[in-house]
Amino acid sequence: MAVTIRGIAPRSPAAKAGLRPGDRLIAISGHPIRDLLDYRFYMTEQTLTLEAEREGRPMPPFPVRKGQYEDLGLQFDTYLMDEHHSCKNKCIFCFIDQLPKGLRSSLYFKDDDDRLSFLFGNYITMTNLKEEDIDRIIQMHISPINVSVHTTDPQLRVRMMKNPAAADSLRWLRKLTQGGIHLNTQLVLCPGINDGEALGRTLEDLLALGENLQSVAAVPVGLSAHREGLEPLRPFSPQEAGAVIDLMEEYGRRAMDQYGSRKVYAADEFYLKAGRPIPPAAFYGDFDQLEDGVGLLSNLRQQFQEAMEDWPEAVPLRSFTVVTGVAAAPFLTRLMKEASARLKGLQVEVVPVVNQLFGPSITVAGLVTGGDILRQLQGQPLLGETILLPACMLRHERDCFLDDTTPQQLEEALGRPVKVVEVDGWELADCLLGGGAL
């Protein structure tokens, strides 16, 4: 397989070697190049030989000398150098299948790409991987890999993912960990399906993988109001959420005894649903699954309380409205009351936004839309002088919400400056003090 070179950085090693835009890269030092992982892995040496073809004809090898890890300077059509690998499953809980019509097209793409797992922390199911893909991960030591497991019962996994490959692909877990690859695993739990006894079996099987199992995160199924024609599912009750927490914490204690690390965690959503206190930051070790909402609130609380220790006693009168989802609102309200009591002159109101686009059962901040914020804040007489939004509500570029509303549109409609704040206690504390515009 050859990859077309679309551009070459001036004065780069590839430019000095004589490659041109339009050439097709075939191999680096005899290793075929298929995608970004091959390219990054094999380009690190100081002395290389590039094999390429020009106008369909093989060229003599291009010798290259460069600094170790220095980029060759080649540019390709796409970041990965080929197409994203799409998901071939039809999971009964898939949130993309529950999206309403009319959102931007990129939101409807289902990726299941092992390269994105390593580069950006995306979760993969392994159902579209072959033996050679697993061997490449081990050879390149692409670690950690994030895997959506859901259950280790082969028949149940097939039922939940509606893909016959879901059963056989479970064997890759053992091969990866034996090959030295660390795994972060995710379990999307559906009440009455893969919780209870099925969850106990899954945790037994995962802990048996040994030291290279880095973490297990259980998250509750998210159910939008747009499930027409999909398998009937229901949300967790507070009692069921408590039962999940109890089981996860039991296996976490077992892991601590066996491996010296808790490894097994329930997502913050379970604690909020069950009405239980979020554990302290020390409970979560190295916070291996923050992106999955595991320990996110605990980490925020610890950072914020540490930042408050350096606050002055008072500031000029300053008021804020903090926007969040329904689930985290009580937690943030307690934290902001603590802040207002600590700092004279600070006034903070937390506003939970009911999710009207996806339905009221979706309570996480990351799925709140700009349109819902606007409808529920517009006309409120007690808005603070500044509105704070968590960055998880926006896409990576921070330029728009899921419904393509922009922060600038909110500013114009609400007549208030809008600041976007990472889910980070230090940033939030700095913002309340009047620090950097975020």
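A quick note: this is a predicted structure, and the numbers were derived from the prediction, not measured. (Residues numbered from 1 in each chain as written. Predicted model: local features only at pLDDT ≥ 70, side-chain atom pairs only at ≥ 80, totals over all residues. Heavy atoms only, no water.)

## Describing the environment of Gly 370
With respect to the helices, strands and loops of the structure, Gly 370 is situated in helix H13 (residues 370-377). Taking the relative accessible area as the measure of exposure, Gly 370 reaches 0% and is therefore buried. Along the chain, Gly 370 and Gln 356 lie 14 residues apart, while their C-alpha atoms are 11 Å from each other. What Gly 370 contacts, discounting residues up to four positions off in sequence, is Phe 401, Asp 403, Thr 405 and Leu 410. (Helix = DSSP H or I, 4+ residues; strand = E, 2+ residues; numbered from the N terminus. Buried < 20%, exposed > 50% of the residue type's maximum accessible area, 1.4 Å probe, protein only. Contact = heavy atoms within 4.5 Å.)

## Structural notes on the packing of aromatic side chains
Within the structure shown, the criterion is met by nine aromatic pairs. Judged by centre distance (5.8 Å) and plane angle (20°), the rings of Tyr 284 and Phe 287 are stacked. One aromatic cluster is present, built from ring pairs that chain together Tyr 265, Phe 283, Tyr 284 and Phe 287. In this structure, Arg 171 packs its charged tip against the face of Trp 172, placed 4.1 Å from the ring centre. If you follow Arg 254 out to its NZ or CZ, it ends over the ring of Tyr 251, 4.2 Å from the centre. (Phe/Tyr/Trp six-rings, centres within 6.5 Å; stacked < 30°, edge-to-face > 60°. Lys NZ or Arg CZ within 6 Å of the ring centre and 35° of its normal.)

## Notes on the sheet that holds strand E12 (residues 264-266)
With parallel pairing, four strands are arranged side by side in an open sheet as E9-E10-E11-E12. Every other strand in the sheet has two partners, leaving strand E9 (145-148) and E12 as the edge strands with one partner each. When the angles between neighbouring strand axes are averaged without regard to direction, this sheet yields 20°. Across seven bridges, strand E10 (residues 183-189) lies against strand E11 (residues 213-220) in parallel orientation. Within E11, the position partnered with Thr 185 by the bridge is Val 216. Packed on one face of the sheet, helix H8 (residues 196-207) meets E10, E11 and E12 and runs near 175° to E10. (Pairing = 2+ DSSP bridges. Axes fitted to C-alpha atoms, helices over the stretch in contact; angles between N-to-C directions.)

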